[in-house]
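What the coordinates show
In case you want the letters, here they are:
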Amino acid sequence: MFLNLVPLLLVISYLMLSMLLFFAGPFDWPVKDDLSLLIFLVSVFFAIIVGYLFGIKKSRFDEKLFLIKKLDWKRVFKIGITASLVIFLPATYIYSNKFPWQFLEILRDQGTAYGEMLEGLAQENTGRKVVAFVRMIYFPWMFAIVPLVVLKWREMSKSQVGFFALFLFCQVIFSIMRGTDKEIADLMVLFCGAFLIKCGRLIYLKKLNLSFVKFFVFCLSIVFVLMIAFGLFSERKLSRLGSANEFCVAESAVVCADYSGPILSRLDDVNQFGIAMLAAYLSQGYYGLSIALNESFESTYGLGHSPVLISIYSNITGDDGLYERSFLYKMKDSGWDDKGVWSTMFPWIASDVGFPMTVVAMLFLSFLFSKSWVGAVKLDNDYAALVFVNLFLLFMYAPANNQLAQTADAYFGFWFWLIFWFMSKKKIIYTRID
């Protein structure tokens, strides 16, 4: 039973940590209505728990009812690796106006790299549109690379391991050239989601027997990796902003970090800055949510949950009226611009259906989350595993935005694997023999 609940416990713990950082972290957020925010968040938590438990209950007999079509993972891996390596060079040049072998030069000034990337995004660029379209078409296979490597590591050949190492190197270089951390963060989340499934499968098959000492060493290793990641995170952000003396959220300086607390006051400037930045990343979205909860609802008719769909609609019709109906647009009057800060995933969904129905939507997403976990672990369904990792990514980014619908490639990739997951299950028909 505990195995079934592992993803739920991780997601709830993570969301509670982000909430704790919001209410008790280094920022004193000027929330107008704490009660409404708390009621909504408690409702969302309740919906996530209920939806997940209901999904576990409904999955109880799946093993007896369905035959599972096996995923040709080697073919998926080959297509994904080939596409990512082919796209790497033109994408790097288009987004940074420099070639990948200049990464050491770019690494010295991540602030300039990030600024040039933003300037490029603000300009019309046919090449970028072509690369984005090609990336969207092949993204389902590219997304599957990391999860499949984790799940199939023992079955991989030396050449496949080598190509995967090259893929990781290219992702790091691409992140450096853009001056962003998202690529590395995505890789970490994908790895963690797939690693959960791998451990779940071994435990379910009774092939994983972790002693306390091994478990302790494993936890220490995770802490060590996180400490290294945090150090790199702090250095890159400091390079981007140029000063560790003060850190404020939003261009209008809605709120600045207070370094005088009992913990931060004992640290040096760089670590104070790093913790403040990390807390802002994990918690700032709740302030945007608090603003949205006090705005009036005007439906965006199924498009407002995704900036991609809104952008397509505006480009086709030349009308920005639909975007102006969204909660994200209305928050700009309060100095909270969705182009530069986060508002959690909930206002995105609520722009289509309102906040009460957003709670229902979270129940449904949590239901899918648990069903995909059972399918991935107990039915050994790799299609379900890819859907689970997608949803794991969604929940990990929930304090920031609606990650799966933020870009065309991620949105297409999610629906691609969701449809193939449904198609992978063939119902068993029992016939009575007299």
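Above this note sits the structure.
In this text the structure is predicted, and so the values were computed from the model without any measurement.

What to know about helix α7 (residues 126-143)
- The end-to-end C-alpha separation of α7 is 24 Å, in line with the 26 Å expected for 18 residues at 1.5 Å each.
- Most pronounced at isoleucine 137, the bend in α7 amounts to some 50 degrees, and the proline proline 140 follows within four residues.
- Among all positions of α7, only Arg128, Val131, Met136, Phe139, Pro140, Trp141, Met142 and Phe143 are buried.

Things to note about the packing of α7 against helix α19 (residues 408-424)
- Where α7 meets α19, the axes come as close as 8 Å, and the angle between the chain directions of the two elements is 55 degrees. Our classification of the angle between α7 and α19 gives oblique. The handedness of the crossing between α7 and α19 is right-handed. Residue-level inspection shows Arg135, Met136, Ile137, Phe139, Pro140, Trp141 and Phe143 of α7 in contact with α19, the latter providing Ala408, Asp409, Ala410, Phe412, Gly413, Phe416 and Trp417.

What to know about the packing of aromatic side chains
- Going through the model one piece at a time under the given rule, you end up with 33 aromatic pairs.
- Ring geometry for phenylalanine 40 versus phenylalanine 355: centroids 5.3 Å apart, planes at 85 degrees, classification edge-to-face. Here phenylalanine 40, found in helix α2 (residues 34-58), pairs with phenylalanine 355, found in helix α17 (residues 355-377); they are 315 residues apart in sequence, far enough to count as distant. The pair phenylalanine 40 / phenylalanine 355 is uniform in exposure class, with both members buried.
- When the centroid spacing of 6.5 Å and the interplanar angle of 90 degrees are considered together, the rings of tyrosine 411 and tryptophan 415 count as edge-to-face. Taken as a pair, tyrosine 411 and tryptophan 415 lie in helix α19 at a separation of 4 residues, close to a single helical turn.
- Cluster of aromatic residues (ring-pair linked, three or more members): Phe22, Phe23, Phe27, Trp29, Tyr286, Tyr287 and Trp336.

About the cut-offs
- Residues numbered from 1 in each chain as written.
- Predicted model: local features only at pLDDT ≥ 70, side-chain atom pairs only at ≥ 80, totals over all residues.
- Heavy atoms only, no water.
- Helix = DSSP H or I, 4+ residues; strand = E, 2+ residues; numbered from the N terminus.
- Expected span 1.5 Å × (residues − 1).
- Bend = angle between axes of the 7 residues up to and from the residue.
- Buried < 20%, exposed > 50% of the residue type's maximum accessible area, 1.4 Å probe, protein only.
- Axes fitted to C-alpha atoms, helices over the stretch in contact; angles between N-to-C directions.
- Parallel < 35°, antiparallel > 145°, perpendicular 65-115°, else oblique.
- Left-handed = near helix turned anticlockwise from the far one by under 90°.
- Contact = heavy atoms within 4.5 Å.
- Phe/Tyr/Trp six-rings, centres within 6.5 Å; stacked < 30°, edge-to-face > 60°.

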